[in-house]
Amino acid sequence: MILVKLYGTGGCTMTAAGAPGSALNWMRRSRHGFGLIRITRVGRPAHQRTTHSATHRFLCTKTTIGFRQQMDHTIPPKEYKWTPGNLINENFKLGDHGHVCVVLNRQIQVPAHVVKLLWKNAAVRCAVDGGSNHWRDFVVAQAMSKKANGSAPTTPLEPLDVITGDFDSITEETVDFFKTTPKVHTPDQDATDFTKAMAVLQPVMTQRKIQDVVVFHDTSGRLDQVMANLNTLYKSQKDNCNVFLLSGDSVTWLLRPGKHTIQVPVDLVTSQRWCSLMPVGSSAHNVTTTGLKWNLYHAQLEFGGMVSTSNTYATEFVQVETDANLIWSMGAYEFEDKVRQAAKT
Ligand SMILES: Cc1ncc(C[n+]2csc(CCOP(=O)(O)OP(=O)(O)O)c2C)c(N)n1
Ligand SMILES: O=c1ccn([C@@H]2O[C@H](COP(=O)(O)O)[C@@H](O)[C@H]2O)c(=O)[nH]1
């Protein structure tokens with residue numbers, strides 16, 4: 001097993017410069033047979049951690065005023081355009097420089113054809129700890145189904161580039177199955193394996209100018225893990241990347257403060273699939289939407305107050321203007337499969 005150890009202690013930070021020993025080189029070097037690469041802990045070392053200083057509070061206040069000015073249109077709000085159809089029923093390719101695929105430790109419920117196309121088109125492919133067991137199951141199931149229905153062999157699934165994690169869930173069989181795949185050990189127990197995987201991937205993404213990450217997860221099972229996965233969306237903001245969580249019946253990502261246009265696949269509009277806006281972590285004080293069945297107008301969204309669930313679409317283009325982060329989640333897939341089944345019969 002090629003083991004790349006992510007040390008739990010140490011003073012250096014990961015660099016994107018590609019210097020010898022940097023995180024950036026894990027793929028290239030491991031392919032050349034390098035056994036051990038030292039990468040330091042995720043996050044800042046303890047001596048560099050700060051409490052919220054006066055300067056920090058000052059900056060926060062300035063930022064808040066900045067958002068208010070954005071909402072007042074004193075300064076134009078930052079604009080974002082989203083085309084989730086690329087994850088649901090067309091193209092299956094994101095960004096000018098491609099996307100990263102990440103498999104978390106949950107059975108893959110996203111329809112197989114979607115997984116295969118997103119995987120094929122990915123620039124980097126990663127499994128996180130027990131996610132590698134599920135990826136192995138997926139690979140085997142695909143091979144078996146081809147054999148069982150006698151269909152012509154197609155090109156095999158592209159290999160994993162890296163497996164990361166604290167390795168408390170990956171099985172020996174899976175280690176053996178992926179014995180040539182580089183492994184990056186991330187033992188830090190103050191962050192989830194998913195969060196640490198994002199940190200491992202970040203230098204490669206920076207180098208290759210990749211901004212989008214497609215994650216196969218599932219909303220069933222452990223609520224703490226589901227909530228932690230949402231937290232990872234927040235944490236990934238600092239790296240300026242977009243992380244999309246795909247489950248068997250939803251696509252979820254973070255809307256940052258600003259003005260968002262979401263182009264909704266037409267079939268989801270006509271079938272009136274659900275969508276939602278959730279103020280996870282902090283209240284949003286000024287949210288205005290158009291294109292939804294139940295719109296908001298300079299509304300406050302917060303836990304303990306109003307949250308927008310079981311909403312749906314009035315038009316193909318939804319606009320959301322918000323002064324705070326919101327989790328956007330929308331129904332997908334399951335319905336598509338039902339339509340496909342119905343069309344067959
Ligand atoms: C305040 C606090 N609560 C909880 C923890 C414990 N903790 C947080 S993240 C983490 C690692 C979780 O690893 P992951 O592989 O993502 O999940 P697992 O399936 O092992 O639970 C642990 C142990 C902590 N370090 N600090
Ligand atoms: O029920 C679950 C369990 C795990 N996850 C995600 O997968 C990674 C890796 O999990 P391991 O248990 O360490 O293999 C974890 O960080 C979570 O992000 C999950 O989503 N749901």
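Rules and cut-offs
- Residues numbered from 1 in each chain as written.
- Chains lettered and ligands numbered in written order.
- Predicted model: local features only at pLDDT ≥ 70, side-chain atom pairs only at ≥ 80, totals over all residues.
- Heavy atoms only, no water.
- UniProt positions renumbered as here; feature names shortened; annotations may be inferred.
- Near = heavy atom within 4 Å.
- Polar contact = N/O pair within 3.5 Å; in protein donor to acceptor, adjacent residues only side chain to side chain.
- Areas by Shrake-Rupley, 256 points an atom, 1.4 Å probe, with all protein chains shown as cover.
- 1 Å grid on protein atoms, 1.4 Å probe; cavity = no way out; pocket = protein on both sides within 12 Å on 5 of 7 lines; lining within 4 Å.
- Sits in = over half its atoms within 2 Å of the grid points.
- Salt bridge = Lys/Arg side-chain N within 4 Å of Asp/Glu carboxyl O.
- Helix = DSSP H or I, 4+ residues; strand = E, 2+ residues; numbered from the N terminus.
- Buried < 20%, exposed > 50% of the residue type's maximum accessible area, 1.4 Å probe, protein only.
- Patch = residues over 30% accessible without salt bridge, like charges linked within 9 Å, V, L, I, M, F, W, Y side chains within 5 Å.
- Contact = heavy atoms within 4.5 Å.
- Axes fitted to C-alpha atoms, helices over the stretch in contact; angles between N-to-C directions.
- Parallel < 35°, antiparallel > 145°, perpendicular 65-115°, else oblique.
- Left-handed = near helix turned anticlockwise from the far one by under 90°.
- Core = buried A, V, L, I, M, F, W, Y, C linked by side-chain atoms within 4.5 Å.
- Domains from an automatic or database assignment.

In the annotation of an unreviewed UniProt entry, the chain is listed under the name Thiamine pyrophosphokinase 1 and assigned to Drosophila melanogaster. Of the chain, the UniProt comment under Subunit (unreviewed entry) reads exactly: "Homodimer."

J.: Can you explain the site of ligand 1? Please cite residues and give values.
T.: Taken together, Asp166, Asp168, Gln189, Asp190, Ala191, Thr192, Asp193, Arg222 and Gln225 make up all the residues around ligand 1. In this structure, a nitrogen atom belonging to ligand 1 sits 2.7 Å away from a main-chain N or O atom of Gln189. Between ligand 1 and Arg222 there is a distance of 3.3 Å, counted from an oxygen atom to a side-chain nitrogen or oxygen. Within the complex, the protein chains bury 51% of what would otherwise be the 600 Å² of accessible surface of ligand 1. The site holding ligand 1 turns out to be the second largest pocket.

J.: Outline the pattern of salt bridges, supporting the account with residue identities and numerical values.
T.: Taken as a whole and judged by the stated rule, the model has 4 salt bridges. Among the salt bridges present, the one from Asp193 reaches Lys196, with a minimum N-O distance of 3.0 Å. With a gap of 3 residues between them, Asp193 and Lys196 both fall in helix H7 (residues 193–208), about one helical turn apart. According to the relative accessible area criterion, Asp193 is buried, its value standing at 14%. What makes Lys196 buried here is its relative accessible area of 0%. Across the pair Asp224 and Arg222 runs a salt bridge whose closest N-O atoms are separated by 2.7 Å. What makes Asp224 partly exposed here is its relative accessible area of 45%.

J.: Before we move on, can you summarise a nonpolar patch on the surface with the specific residues and values?
T.: Together, Val140, Met144 and Phe177 make up an exposed nonpolar region whose accessible area comes to about 270 Å². Relative to the helices and strands, Met144 is located in helix H5 (residues 131–148).

J.: How would you summarise the side chain of Asn242 if you had to cite specific residues and measurements?
T.: Relative to the elements of secondary structure, Asn242 occurs in strand S8 (residues 242–246). Reaching out from Asn242, the side chain makes a polar contact with the side chain of Asp212 at a distance of 2.9 Å. Ignoring sequence-local partners within four residues, the contact set of Asn242 consists of Trp82, Gln211, Asp212, Val213 and Arg256.

J.: Kindly report on the packing of H7 against helix H8 (residues 223–235), identifying the contributing residues and their values.
T.: Where H7 contacts H8, the axes come no closer than 9 Å and their chain directions differ by 25°. One finds that H7 runs roughly parallel with respect to H8. Here H7 and H8 pass one another in a crossing that is right-handed. Contact with H7, carried on its side by Phe194, Thr195 and Met198, involves Asn229, Thr232 and Lys235 of H8 and no other residues of that element.

J.: Report on the environment of Val320, specifying residues and quantitative values.
T.: Relative to the assigned elements, Val320 resides in strand S15 (residues 317–322). Of the residues examined, Val320 reaches a relative accessible area of 1% and is grouped as buried. C-alpha separation for the pair Val320 and Leu230, spaced 90 residues apart in sequence, amounts to 19 Å.

J.: Explain the nonpolar core residue by residue, including any values.
T.: Counting residues in hydrophobic clusters, the biggest one holds 52 residues, and the most contacted among them are Leu87, Leu118, Phe216, Leu246, Tyr313, Trp328 and Met330. When residues in this core are grouped by element, the largest group, 4 residues, is from helix H4 (residues 112–121). For this core, the domains that each give at least three residues are domain 1 (91–248) and domain 2 (250–344). With sequence-adjacent residues up to four places away left out, Phe216 is seen in contact with Cys101, Val102, Val103, Leu104, Val110, Val115, Leu118, Trp119 and Leu246.

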